[in-house]
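Fold and contact review
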Amino acid sequence: MPVKKEVFVSKVAETFGEDLEILDQILLSNVPLFSDESLRSKGKMHTRVLDLVNSCEDLDLNKEETKDDNADISVWEYLVSRLGTYDNRIARKSGTCFTPFVKNDPKMKQRMQFGSDAMLQINNNLSNITRLLNNEFHLEYEYDDIYAVKSFNLVSPDYQYEDLNKRNRYKVNAFKNALHSEYNGLNKFELEIAESIDSLGVDWCRNPSKTGYNIPIPEIGQGTSNFFPDFLLWTKNQVWALDPKGSHLINDAIFLKLMAVSDINDKRLRLKVGFVLEGEYILGINNRPQLQSKNGCTLIYKKNSSIRAKSYPTSKELAKDLLVL
């Protein structure tokens, strides 16, 4: 489905800040200079003997030996491996978020054997390392990089599934003010929100998952790197990134940090994240939404320094408020 006109929004990128030496110090402060004894661990070698004639294991010839030596690895290599597994934005094959000099620190060059006390201590310190790295992790606008709305691909348009719910989901729906003339693949609530947004008479679009506009998840170690809002809506002074499902409210830290995108000021348009939930919600402990009633719908958004939950009897009333909030 071709786009009707060119519309843009500033891209958002994740960053650990400009002073990478702070990140180096997080590593160094959590790794001591170990004693030689704590760096070593006795290894065990298991030998199994198979009797190929009788196709069985000869238990009498099996043996286990204890060795004074064991496979070893540098502290730096081990940390890069573990942190990269936790989140590849910390470390990957192309590099790490740290300076290129920290790996040459004596603490990082220590070689420790697998199963050693030193390795055990580093494993215990990993949670503190990732917590401190998260404190330095935030989002910022890429002023020299913008996202242009692209063509939209309909999925199985008007396919006649036997399942009525699937048939309705992939039914093609026409929209007057959207940047694409038609969309499908919407569930009942998403379609209701889309129709309400379309009635506003301003530019909006459905945002393709995986290939559309994305906001980096500003919390490391969550298993996914990007948040793809379902809809983008352009008002006079800002762009709304709307998610009618609220699927990313699972983690309080992700929820709060995504809301903080609204604090980033752009020279052109400000980006605001809004979660649209079916039903009436209030904010409880840690600003986690709590369902009060299945009636109406609720917008979760940030205004000034506080996160708010505003309920509406209908989605059309919620949509109208997006123009002034």
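A short tour of the structure in this document, coming up. (Residues numbered from 1 in each chain as written. Predicted model: local features only at pLDDT ≥ 70, side-chain atom pairs only at ≥ 80, totals over all residues. Heavy atoms only, no water.)

**Considering the pattern of salt bridges**
- For the structure on display, the rule yields five salt bridges.
- Here Asp203 makes a salt bridge to Lys5, at a shortest N to O gap of 3.0 Å. With Asp203 in the loop between helix H7 (188–198) and strand S13 (204–206) and Lys5 in the segment before strand S1 (8–15), this pair connects stretches of sequence that are 198 residues apart.
- Residue Asp203 is classed as partly exposed on the basis of its relative accessible area, which comes to 23%.
- Salt-bridge contacts for Asp145 lead to Lys11; the nearest nitrogen and oxygen are separated by 3.7 Å. Placement of the pair is Asp145 in strand S10 (residues 138–148) and Lys11 in strand S1, with a sequence separation of 134 residues.
- By relative accessible area, which is 31% here, Lys11 ends up partly exposed. (Salt bridge = Lys/Arg side-chain N within 4 Å of Asp/Glu carboxyl O. Helix = DSSP H or I, 4+ residues; strand = E, 2+ residues; numbered from the N terminus. Buried < 20%, exposed > 50% of the residue type's maximum accessible area, 1.4 Å probe, protein only.)

**Considering the packing of aromatic side chains**
- This structure, assessed with the given rule, holds eleven aromatic pairs.
- With 5.5 Å between their ring centres and 40 degrees between their planes, Tyr161 and Tyr170 make a pair best called tilted. (Phe/Tyr/Trp six-rings, centres within 6.5 Å; stacked < 30°, edge-to-face > 60°.)

**Topic: the layout of surface pockets**
- Taken as a whole, the largest pocket holds about 560 Å³ of empty space.
- Taken together, 30 residues form the lining of the largest pocket, with Phe152, Arg206, Asn207, Pro208 and Ser209 sitting closest to its centre.
- When residues of the lining of the largest pocket are traced back to their parent elements, those giving at least two are S13 and strand S15 (226–227).
- Looking at the lining of the largest pocket residue by residue, the class counts come to ten nonpolar, twelve polar and eight charged. (1 Å grid on protein atoms, 1.4 Å probe; cavity = no way out; pocket = protein on both sides within 12 Å on 5 of 7 lines; lining within 4 Å. Points joined across faces, edges and corners; volume = space filled by probe spheres on them. Nonpolar A, V, L, I, M, F, W, Y, C, P; charged D, E, K, R; others polar.)

**Some points on helix H1 (residues 21–29)**
- Those residues of H1 that sit buried are Leu23, Asp24, Ile26, Leu27 and Leu28.
- Here the buried face of H1 lies against helix H3 (75–86), helix H4 (106–109) and helix H5 (117–136). (Contact = heavy atoms within 4.5 Å.)

**Quick notes on the side chain of Ser41**
- The topology assignment puts Ser41 in the loop between helix H2 (36–39) and strand S2 (43–47).
- According to the relative accessible area criterion, Ser41 is buried, its value standing at 13%.
- In this structure the side chain of Ser41 is engaged in a polar contact, spanning 3.4 Å, whose partner is the backbone oxygen of Gly115. (Polar contact = N/O pair within 3.5 Å; in protein donor to acceptor, adjacent residues only side chain to side chain.)

**What about the environment of Tyr141?**
- Tracing the sequence through the fold places Tyr141 in strand S10.
- On the basis of relative accessible area, Tyr141 is assigned to the buried category, the value being 5%.
- Among the polar contacts made by the side chain of Tyr141, one reaches the main-chain amide nitrogen of Leu271 at a distance of 2.8 Å.

**Examining the sheet that holds strand S17 (residues 238–243)**
- Pairing within the open sheet is mixed, and its six strands lie in the order S13-S16-S17-S18-S19-S20. Of all strands in the sheet, those with a lone pairing partner are S13 and strand S20 (306–312), marking the two edges. Averaged over all pairs of adjacent strands, the angle between their axes in this sheet comes to 25 degrees, without regard to strand direction.
- As paired elements, strand S19 (residues 289–303) and S20 share seven bridges and run antiparallel to each other. Within S20, the position partnered with Ile300 by the bridge is Ala309.
- The sheet contacts of H7 involve S13, strand S16 (231–234), S17, strand S18 (270–283) and S19, and relative to S16 the element is tilted by about 15 degrees. (Pairing = 2+ DSSP bridges. Axes fitted to C-alpha atoms, helices over the stretch in contact; angles between N-to-C directions.)

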